[in-house]
Amino acid sequence: MKLACVVQRYGAEVTGGAEAHCRAIAERLAESHDVTVLTSCAKDYLTWRNVYPPGVSQLGRVTVRRFPVTHPRHLHRFADLSHDVFGRRSTTEQQQAWFEENGPTVPSLLEHLRTEGTQYDLVLFWSYRYYPSFFGLPLVRDRAILVPTAEEDPTIWLDVLGDYFALPAGYVFLTEEERDLVASRARGPLPPSCVIGSGLAPADLPHPELRGELENMGVSFPYALYLGRLEKNKGCETLFRHYLQYVEQGRPALPLVLAGPEFMEVPSHPQIRPLGFVPEHLRETLLGSARTLIMPSPYESLSLVLLEAWNHGVPALVNGGCKVLKGQTLRANGGLYYHHANEFVEGLTLLATDESLALRLGAQGRAHVETWYRWPRVMATLEPFLRTVADA
């Protein structure tokens, strides 16, 4: 098949769950199909500033066609527009303006779909909330597959999405909870769909020789780990508040290690150790050596970090207010969940003190990944589904 994958950013240097998922799927589809990624020249999702040169390039088997962003995101205007759209009842025009301002604004990508979209058997769109997918999908709706990466955040409740979610020829979902959420918002029944999650290769064992490198960075063993962007939207403000309550109550010492770029102030406390962005080899060792992963995010469509922790046999403590995280954890029986500070404190205490429980939960999580999230199984679900939609 000749396939196009539309995503807001693309490249090995690009961080982001949806972008990483698109790249992983595109690379594996390209082993058997003609795959072109249609994307912007941007690398940074905050400003959408053009970094990559426009035009066609080759990354492995994947052809990448980049289109320039016509203007960077105006942060103040976007904030004001978000306040109007999410803070009160808004018009269709205001909501559509929000999707345009959210960017990246790539009208030449839309023109490519309008004039050349029929050359592709299918066009797969990642992340409904961004300009390329929101405005591009209707142009090729008869061959469009939406990978919505939908979360239960304010955007999902916008009125314009009722009709939009009924447009694609098919859906690829990351979790059952995401499928149910989108179905509840669409006007009418959903088109055919499959649930694939994301594939993982078996994890390497932690490198013992790197333990000293981590200790030199101020990491004390054992520790709890948060891995990802440090920002309010990821639940980090609540995480810090709950963790400081854990410490103030004199619970067992379990330092909180933070690995990821900082977009908010981190409390200065001897038991909190921010590392910033860490290279891949240290990232894997951090994951594999943790006593537990903490996932405080209120909004997820699929937590790849959670799957990665289980891949290493590490249990998790997750925000039970997020249906996706709670659902993943219950299906895997790979951790504990909390709804408020007291449950967080008790859950972390249990994982800190009961090593046999932590090991058992981690092993159950790893077995879940082995059963459902290896690449051969993921692709054995995805490829027949895509062929069925293309032949319909």
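Residues numbered from 1 in each chain as written. Predicted model: local features only at pLDDT ≥ 70, side-chain atom pairs only at ≥ 80, totals over all residues. Heavy atoms only, no water.

A.B. asks: I tried to follow the overall build of the protein on my own but got confused; where do I start?
C.D. replies: Helix and strand counts for the protein stand at 15 helices and 14 strands. Rg of the C-alpha trace for the protein: 21 Å, near the compact-globule value of 21 Å for 392 residues, within the 12% margin. Over its C-alpha atoms, taken along the principal directions, the protein stretches across nearly 65 × 45 × 40 Å. For the protein, the residues scored as buried account for 55% of the 392 residues in total. Restricting the contact set of the protein to residue pairs at least 6 apart, pairs at least 24 apart contribute 68%. Approximately 16700 Å² of the protein is accessible, and the part contributed by carbon and sulfur atoms is 51%. The centroid of the 37 positive side-chain charges in the protein is displaced by 1 Å from the centroid of its 44 negative side-chain charges. (Helix = DSSP H or I, 4+ residues; strand = E, 2+ residues; numbered from the N terminus. Rg over C-alpha atoms; globule rule 2.2 N^0.38 Å. Buried < 20%, exposed > 50% of the residue type's maximum accessible area, 1.4 Å probe, protein only. Contact = heavy atoms within 4.5 Å. Areas by Shrake-Rupley, 256 points an atom, 1.4 Å probe, with all protein chains shown as cover. Lys, Arg positive; Asp, Glu negative; His and termini not counted. Charge placed at Lys NZ, Arg CZ, Asp CG, Glu CD.)

A.B. asks: How should the environment of valine 14 be read in this particular structure?
C.D. replies: Within the secondary structure layout, valine 14 lies in the loop between β1 (2-6) and α1 (17-29). Among residues more than four places away in sequence, those in contact with valine 14 are Arg9, Glu19, Lys43 and Tyr52.

A.B. asks: Help me understand the sheet that holds strand β5 (residues 122-126), please; the structure alone is not making it clear to me.
C.D. replies: If you trace the eight strands from one edge of the open sheet to the other, you get β3-β4-β2-β1-β5-β6-β7-β8, paired in mixed fashion. The two strands at the open ends of the sheet, each matched to only one other strand, are β3 (55-59) and β8 (193-195). The average angle at which neighbouring strand axes cross in this sheet is 20 degrees, direction not considered. As judged from the four bridges shared by β1 and β5, these two strands associate in the parallel manner. What sits directly across from leucine 3, in β5, is leucine 122. In the packing of helix α15 (residues 375-391) onto the sheet, contacts are made with β5, β6 (144-147), β7 (170-173) and β8, and the angle to β8 comes to roughly 175 degrees. (Pairing = 2+ DSSP bridges. Axes fitted to C-alpha atoms, helices over the stretch in contact; angles between N-to-C directions.)

A.B. asks: Explain the sheet that holds strand β11 (residues 272-276) here, please?
C.D. replies: Pairing is parallel in the open sheet, where six strands are placed in the order β11-β10-β9-β12-β13-β14. Bordering the open sheet on either side are β11 and β14 (335-338), each of which pairs with just one other strand. Averaged over all adjacent pairs, the angle separating strand axes in this sheet is 25 degrees, with direction ignored. Strand direction decides the pairing type here: strand β9 (residues 224-227) and strand β12 (residues 292-295), joined by two bridges, are parallel.

A.B. asks: How should the state of the cysteines be read in this particular structure?
C.D. replies: Any covalent bond linking the sulfur atoms of two cysteines counts as a disulfide. Overall, the coordinates contain zero disulfides when judged by the stated rule. For cysteine 5, which is in no disulfide, the shortest distance to another cysteine sulfur is to cysteine 22 and amounts to 5.0 Å. Classification of cysteine 5 as buried rests on a relative accessible area of 0%. The thiol of cysteine 41 is unpaired, and the distance to the nearest cysteine sulfur, on cysteine 22, comes to 16 Å. (Disulfide = S-S within 2.5 Å.)

A.B. asks: Help me out: how do you make sense of the pattern of salt bridges in this one?
C.D. replies: Pairing between side chains becomes possible if they bear opposite charge and their charged atoms approach one another. Applying the stated criterion across every chain yields a total of 20 salt bridges. The salt bridge involving glutamate 176 is made with arginine 331; its shortest N-O contact spans 3.5 Å. Of this pair, glutamate 176 sits in helix α7 (residues 176-185) while arginine 331 sits in helix α12 (residues 323-332), placing them 155 residues apart in sequence. Owing to a relative accessible area of 30%, glutamate 176 belongs among the partly exposed residues under this scheme. You can call arginine 331 partly exposed: its relative accessible area is 35%. Several salt bridges share partner residues, and in doing so they unite Glu176, Glu177 and Arg331 into one network. (Salt bridge = Lys/Arg side-chain N within 4 Å of Asp/Glu carboxyl O.)

A.B. asks: How should I be thinking about the packing of helix α11 (residues 304-311) against helix α14 (residues 355-372) in this particular structure?
C.D. replies: The description of two helices packed together rests on the angle between their axes and the distance between the axes. One can describe the packing of α11 onto α14 by two numbers: an axis separation of 7 Å at closest approach and a directional angle of 110 degrees. Comparing the axis directions of α11 and α14 gives the class roughly perpendicular. Crossing geometry of α11 relative to α14 is assigned as left-handed. Packed against α11, whose contacting residues are Leu307, Trp310 and Asn311, the element α14 presents Gly362, Gly365, Arg366, His368 and Val369 at the interface. (Parallel < 35°, antiparallel > 145°, perpendicular 65-115°, else oblique. Left-handed = near helix turned anticlockwise from the far one by under 90°.)

A.B. asks: Would you take a moment to explain the nonpolar core for this structure?
C.D. replies: Soluble globular proteins: nonpolar side chains tend toward being buried together. In this structure, Leu29, Leu225, Leu286, Leu293 and Leu382 are the most contacted members of the largest nonpolar core, which totals 62 residues. With seven residues, α15 is the single largest residue contributor to this core. Ala42, Tyr45, Phe99 and Leu158 belong to the second largest nonpolar core, which has 41 residues in total. (Core = buried A, V, L, I, M, F, W, Y, C linked by side-chain atoms within 4.5 Å.)

A.B. asks: For this particular structure, what's the right way to read the packing of aromatic side chains?
C.D. replies: Two descriptors summarise a pair of aromatic rings, namely the distance from one centre to the other and the angle between the planes of the rings. Tallied over the full model, the rule gives 14 aromatic pairs. Ring geometry for tryptophan 48 versus tyrosine 130: centroids 5.7 Å apart, planes at 85 degrees, classification edge-to-face. Highlighted residues: tryptophan 48 in the loop between β2 (34-40) and β3 and tyrosine 130 in the loop between β5 and α5 (131-136), separated in sequence by 82 residues. Assigned by exposure class, tryptophan 48 and tyrosine 130 land together as buried. Relative to phenylalanine 165, the ring of tyrosine 128 has its centre 5.4 Å away and its plane inclined at 70 degrees; by these criteria the two rings are edge-to-face. (Phe/Tyr/Trp six-rings, centres within 6.5 Å; stacked < 30°, edge-to-face > 60°.)

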